[in-house]
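Summary of the model geometry
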Amino acid sequence: MERKMANRPNWKRVTDRHFEVTHKENSCFNGKVTAIHLKQVSEPLLVNYKDHEVCIADSGYTWLQHFPEGEKYTITTVLDDNGEVVQFYIDMCIDHGVDENGIPWFDDLYLDIVILPDKELFLLDDNELMEAFKKGDINKDQMKLAHETAQKIISMHKEGKFEQLETCTEHAEEWVQENKFL
């Protein structure tokens with residue numbers, strides 16, 4: 001299992017960035033929220049989801065990552081240089097917290113969900129989850145947790161009840177207006 005840091009210190013593609021952490025709390029969300037504003041990248045990062053080619057990192061983009069307390073996932077909202085949502089990327093994780101320097105982290109369980117602005121959903125990296133299990137990097141309970149968490153999110157999304165995305169969008173709008181958190 002890999003521990004991933006919210007400030008992405010080894011992201012070589014990003015040559016200049018601004019990073020900040022805040023705590024947000026309202027009726028739908030309680031937890032840390034981070035922002036990485038990609039001031040300069042060496043080259044854009046394009047990904048493909050079936051017939052969609054999506055640019056997820058370029059100069060001027062911002063990645064907002066939500067760490068909801070008590071949940072086994074994080075949500076990264078990718079904003080383009082106009083502040084429009086490009087995608088929501090949800091990492092299933094065994095746990096998340098904050099290190100001694102105040103930087104949020106999560107222990108990645110490999111399984112991911114992408115939700116595009118048109119609400120189309122993609123389940124990603126189940127093969128990586130299975131490979132990690134076969135290699136002994138995660139145990140059966142952790143593999144089950146990843147699948148159960150993903151299925152819960154997928155079901156809530158299909159029913160229009162995954163309110164965390166609305167919260168992420170609200171925080172994105174705040175970021176775009178202020179270029180910082182209030």
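Model, not experiment: these values are computed from the prediction. (Residues numbered from 1 in each chain as written. Predicted model: local features only at pLDDT ≥ 70, side-chain atom pairs only at ≥ 80, totals over all residues. Heavy atoms only, no water.)

1. What about the overall build of the protein chain?
Looking only at helices and strands, the protein chain has three helices and 10 strands in total. Counting from the amino terminus, the protein chain carries its helices and strands in the arrangement β-β-β-β-β-β-β-β-β-β-α-α-α. For the protein chain, the C-alpha radius of gyration of 16 Å lies close to 16 Å, the compact-globule estimate for 182 residues. In terms of its C-alpha atoms, the protein chain occupies a principal-axis envelope of roughly 45 × 40 × 40 Å. (Helix = DSSP H or I, 4+ residues; strand = E, 2+ residues; numbered from the N terminus. Rg over C-alpha atoms; globule rule 2.2 N^0.38 Å.)

2. Notes on the layout of surface pockets
Its volume calculated, the largest pocket comes out at about 610 Å³. Looking at the largest pocket, it is lined by 25 residues, and the ones nearest its centre are Lys 4, Arg 8, Trp 63, Tyr 89 and Asp 91. Secondary-structure elements contributing two or more residues to the lining of the largest pocket are strand S1 (2–5), strand S4 (45–49), strand S7 (73–79), strand S8 (85–98) and strand S9 (104–115). Residue composition of the lining of the largest pocket, grouped by class: 13 nonpolar, three polar and nine charged. A volume near 170 Å³ is recorded for the second largest pocket. (1 Å grid on protein atoms, 1.4 Å probe; cavity = no way out; pocket = protein on both sides within 12 Å on 5 of 7 lines; lining within 4 Å. Points joined across faces, edges and corners; volume = space filled by probe spheres on them. Nonpolar A, V, L, I, M, F, W, Y, C, P; charged D, E, K, R; others polar.)

3. Here we look at the state of the cysteines
A covalent bond between the sulfur atoms of two cysteines is what we call a disulfide. Using the criterion set out here, one finds zero disulfides in the structure. Free of any disulfide, Cys 28 has its nearest cysteine sulfur in Cys 168, 11 Å distant. The structure places no disulfide on Cys 93, whose sulfur is separated from the nearest cysteine sulfur, that of Cys 168, by 14 Å. (Disulfide = S-S within 2.5 Å.)

4. Quick look at the packing of helix H1 (residues 126–135) against helix H2 (residues 140–158)
Axis angle and axis distance: for two packed helices, these are the angle between their axes and the distance between the axes, and together they describe the pair. The geometry of H1 relative to H2 is characterised by a closest axis approach of 10 Å and an angle of 165° between their N-to-C directions. Taken together, the axes of H1 and H2 lie roughly antiparallel to each other. Crossing geometry of H1 relative to H2 is assigned as right-handed. On H2, the residues that touch Asp 126, Leu 129, Met 130 and Phe 133 of H1 are Lys 140, Met 143, Ala 146 and His 147. The residue makeup of the contact of H1 with H2, split by class, is five nonpolar, one polar and two charged. (Axes fitted to C-alpha atoms, helices over the stretch in contact; angles between N-to-C directions. Parallel < 35°, antiparallel > 145°, perpendicular 65-115°, else oblique. Left-handed = near helix turned anticlockwise from the far one by under 90°. Contact = heavy atoms within 4.5 Å.)

5. Structural notes on the side chain of His 37
Considering the arrangement of structural elements, one finds His 37 in strand S3 (residues 30–41). A polar atom in the side chain of His 37 sits 3.5 Å from the backbone oxygen of Tyr 61. His 37 has contacts with Asp 16, Arg 17, His 18, Gly 60, Tyr 61, Thr 62 and Trp 175, leaving out every residue within four places of it along the chain. (Polar contact = N/O pair within 3.5 Å; in protein donor to acceptor, adjacent residues only side chain to side chain.)

6. Looking at empty space enclosed by the protein
Across all of its chains, the model carries one cavity of 30 Å³ or more by this definition. Put simply, the largest cavity is a space of about 30 Å³. Ala 6, Arg 8, Thr 34, Ile 36, Trp 63, Gln 65 and Thr 76 are the residues that line the largest cavity. Class assignment of the residues belonging to the lining of the largest cavity gives a composition of three nonpolar, three polar and one charged.

7. A closer look at the side chain of Asp 107
Secondary-structure assignment places Asp 107 in strand S9. Judged by relative accessible area, Asp 107 falls into the buried class, the value being 13%. Reaching out from Asp 107, the side chain makes a polar contact with the side chain of Arg 3 at a distance of 2.8 Å. Leave out the neighbours within four places in its chain, and Asp 107 touches Met 1, Glu 2, Arg 3, Met 92, Cys 93, Ile 94 and Asp 95. (Buried < 20%, exposed > 50% of the residue type's maximum accessible area, 1.4 Å probe, protein only.)

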